[in-house]
Amino acid sequence: MCGIVGYVGKKNATPVLMDGLRALEYRGYDSAGIYVAGRGALKRAGKVAVLADSLPDDFEGTLGMAHTRWATHGAPTEQNAHPHSDPTGAVWVVHNGIIENYADLKASFLAEGVTFKSETDTEVLACLIAKAYTDGVLLEDAVSDALAQVRGTYGLVVASSREPEKLVAARASSPVMLGIGDDEYFIASDATPILKHTRDVIYLDDGEIAILTPEGYEVRTHTRTKVEKPVETLEWDVEAAQKKGYEHFMLKEMMEIPEAIENTMRGRLLPGVGTVKLGGLESALPDLLSAKRIMLTGCGSASYAARVGELMIEEFAGLPVEVELGSELRYRRPTMDPKDTVLFAISQSGETLDTIEAIREAKRHGVRVYGVVNVVGSSIARETDAGVYNHAGPEISVASTKAVISQMTVLALIAILLGRANELSQTEGAALIKELERLPDLAREILEKREEIHELAKRYKDTENAFYLGRKFQCPIASEGAIKLKEISYIHAEGYAAGEMKHGPIALIEPSFLSVVLVPEDSMYEKSKSNIQEIRARGGRVLAVTTEGCEDDIRTLADDVIVIPKTHEAFLPILTTIPLQLFAYYVALERGLPIDMPRNLAKSVTVE
Ligand code: F6R
C-alpha cells in the first residue's frame, strides 16, 4: 500500500522517480507526489499520469523522492498527497504505514501554534523531525530522535533543504530496500522501480536507518551503530514486470498460470520415491514432519488457498489442520502448543501486515513459523524460520491470479510431504505427483477457452448479485471466485458452501440472481447437482463449472456450462479457479472498469 521511490546520483532524478512511480502505481493510486532537491515538491490528486502532465520541463535535479498513495489518514486530495513538509519547508517526508500516536503529537504542535496543511499523520512526522533538526544536528540524527517518539509502522524517506545531497530512509514494519548502482543509489518500497537500474539490493530491517549521498551509503541503528548489510541479487527481470502486449496485467498474469505452476514445481517433484523436495524447508524437516497440528494463515485469496491446503493436508496426511485469517489470529486466546504445532503463513507479497502480525503472535508463543511467499526478500520471508518460495514471478495486477494458483500448488507439495511422513504410501505419492505434472497442460487447455468465457461474461455483465457455490474442495474456490468478481467488477458476490444454501441464503434466489456453481466430477458431484436443481426450482440462473464427461448431464440443469479437464479431486481447485478468474476479468472488461487498479484497493496491504 502506497509506493515509495528515491534517487541519489548523477542523473536527472525526475524521470527515474516518475518511472518508478508508474512501476509502483499498483500499490496505491489515489494521489501522487514528487520532491526534487532544489525544485521542491509537486503533488496531485489522482493517478501518476495527472502528476506527470503537470510537471514543468525544468523540474530537474540529481536527488529526489516520490510517492504514490493509498489513503489512510485523510481523503485522497492534493493536500494529503506526499511528500509532506514542516511549515518552514526544511524537511520533506514520504511515508508508508501509520503513525498511531499522531493525534497526540499533533495536539502538542497545535498547542504550540503550528498550522497543518493536511490531515495526515505524515505531516506530523515531518514537524517532529524538523523540531529535532536544530542547528548542527545531522538529518539522520534528527530522524532517529523523532522516530523514538512515534508508535506505529513506517517505511519512509526524508530529504532536507539544509543537506540537499542526502536522503535518509528508515523502516518499522513497512518494507524499504536500497538499490546499489554505479555511483547512484535508489530507495524503494519494493523492487519494481529498482529493477530497471540495478539488481543489487539491500533490505532494511526494522529499526534500521539508511543514509544515502552521491558518495555512498551507510546503514545503522537508531542508536548509531553501523550495520554491515549483505548486498542481495534480485531474481526478477524487468520484462517479467511488464505487460508484454496484453491489455491488462491481470490477463497477462492469468496467461502465465501454466508457467507459474511449472515454476512452482520445478525441481521439487521426486516421482521415483513418491514425494517432494522443498529445499527451503530442509533444515526444518525433522520439526515439521513431527508436527501433530498444522495451522495455516493468510488474508483474502491467500486465506482461500490456505483452506484448500487444509483439505489437502487432511486428505493426504490425516493431520488436524486449522486455518485462521491473518487479521484474526492474533486476537484469539492462544491455544498453540509449540511442542506439536507449526504455522504456515501464506502471502504473495510477503508484506501483508495482518499476516505479519499473526506470525509475530505465533512466535511469541514459541510456535515455529514457515512462509509460503512469492516475493523473495520480503518481510514475511525474513521473519519466518524457513519457507517455500512460489517462484510465480511478479504479480502486478491488484487481484491475485497466478499467485493464488501457485499458493495452492505449494500447499499440494507440502501436503504430499507431510502425507509421506504419515499415511501416504510411496505408490500413492507417486500417483499424485504424476497428476501434478499434468496440471500446467490442463491449465493451458482452460486458458484456450477464454473467448468462450468472454462470451458468457457479456451475457452476465449486468448481474447485480451472485452466489458462488461449492462443496468440500470447491468451497474455498467459491469464495475465491466471489472475491474476484467483487473486487474488479464491483458486483455483489458471495462465496458459500453449497450445502448452506438451504439454511438461509436460498431466500435470495429469484430470476435475476446468478449462481455460479462448481460442480466438477468429484466426491461431491451428486450433492452439488442437487443444489443446482434447488436453485433452478426457484427460478434462479445458474452458470456451472464442470469437468469433461459431465457436460451433457450438467447442461440439462444449468443455463450455461464451462467445461474444464479432469484431475484428482484435491487438485481440482487449482483448475476450477482459472475460469472464475477469467470470468471476473471479462465481466470487468465489459463493464469498462479499471481492472488492474480497482477502486479503493491496492496491492500489498501493509496496514492493519
Ligand atoms: C484478492 C487479493 C487479496 C490478496 C490478499 C493477501 O484477489 O489479491 O485478497 O490475496 O490481500 O495478499 P498477499 O498474498 O500478498 O498476502
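Preceding block: the structure.
What you see is a predicted model, and the numbers here were worked out from it, not measured in a lab.

Caption draft 1: Molecular detail of the sheet that holds strand 20 (residues 368–373). Pairing is parallel across the open sheet formed by five strands, whose spatial order is 18-17-19-20-21. This sheet does not close on itself; its edge strands, each paired only once, are strand 18 (321–325) and strand 21 (386–389). When strand polarity is set aside, the average angle formed by the axes of neighbouring strands in this sheet is 20°. The pairing of strand 20 with strand 21 spans four bridges and is parallel. Bridged to Tyr370 within strand 21 is Ala386. The sheet strands contacting helix 9 (residues 300–317) are strand 17 (293–298), strand 18 and strand 19 (341–347), and the helix crosses strand 18 at an angle near 175°.

Caption draft 2: Layout of helix 11 (residues 353–364). Helix length check: helix 11, at 12 residues, gives a terminal C-alpha distance of 16 Å against a target of 16 Å (1.5 Å per residue), a fit within 8%. A large share of helix 11 lies buried, amounting to 10 of its 12 residues. Where helix 11 is buried, its residues contact strand 17, helix 10 (326–329), strand 19, strand 20 and helix 12 (379–383).

Caption draft 3: Fine view of the side chain of His248. Tracing the backbone through its elements, the reader meets His248 in the loop between strand 14 (232–233) and helix 6 (249–255). You can call His248 buried: its relative accessible area is 12%. With near-sequence residues (within four places) excluded, His248 lies in contact with Lys243, Tyr585, Leu589, Ile595 and Asp596.

Caption draft 4: Here's a closer look at the sheet that holds strand 5 (residues 84–85). As summarised here, the arrangement of the six strands in space is 5-6-7-8-12-13, forming an open sheet in which the pairing is antiparallel. Whereas interior strands pair on both sides, the edge strands pair on one side only; in this sheet they are strand 5 and strand 13 (216–221). As defined by bridge partners, strand 5 adjoins strand 6 (residues 91–96) across two bridges and the pair is classed as antiparallel. Of the residues in strand 6, the one forming a bridge with His84 is Val93.

Rules and cut-offs
Residues numbered from 1 in each chain as written. Predicted model: local features only at pLDDT ≥ 70, side-chain atom pairs only at ≥ 80, totals over all residues. Heavy atoms only, no water. Pairing = 2+ DSSP bridges. Helix = DSSP H or I, 4+ residues; strand = E, 2+ residues; numbered from the N terminus. Axes fitted to C-alpha atoms, helices over the stretch in contact; angles between N-to-C directions. Contact = heavy atoms within 4.5 Å. Expected span 1.5 Å × (residues − 1). Buried < 20%, exposed > 50% of the residue type's maximum accessible area, 1.4 Å probe, protein only.

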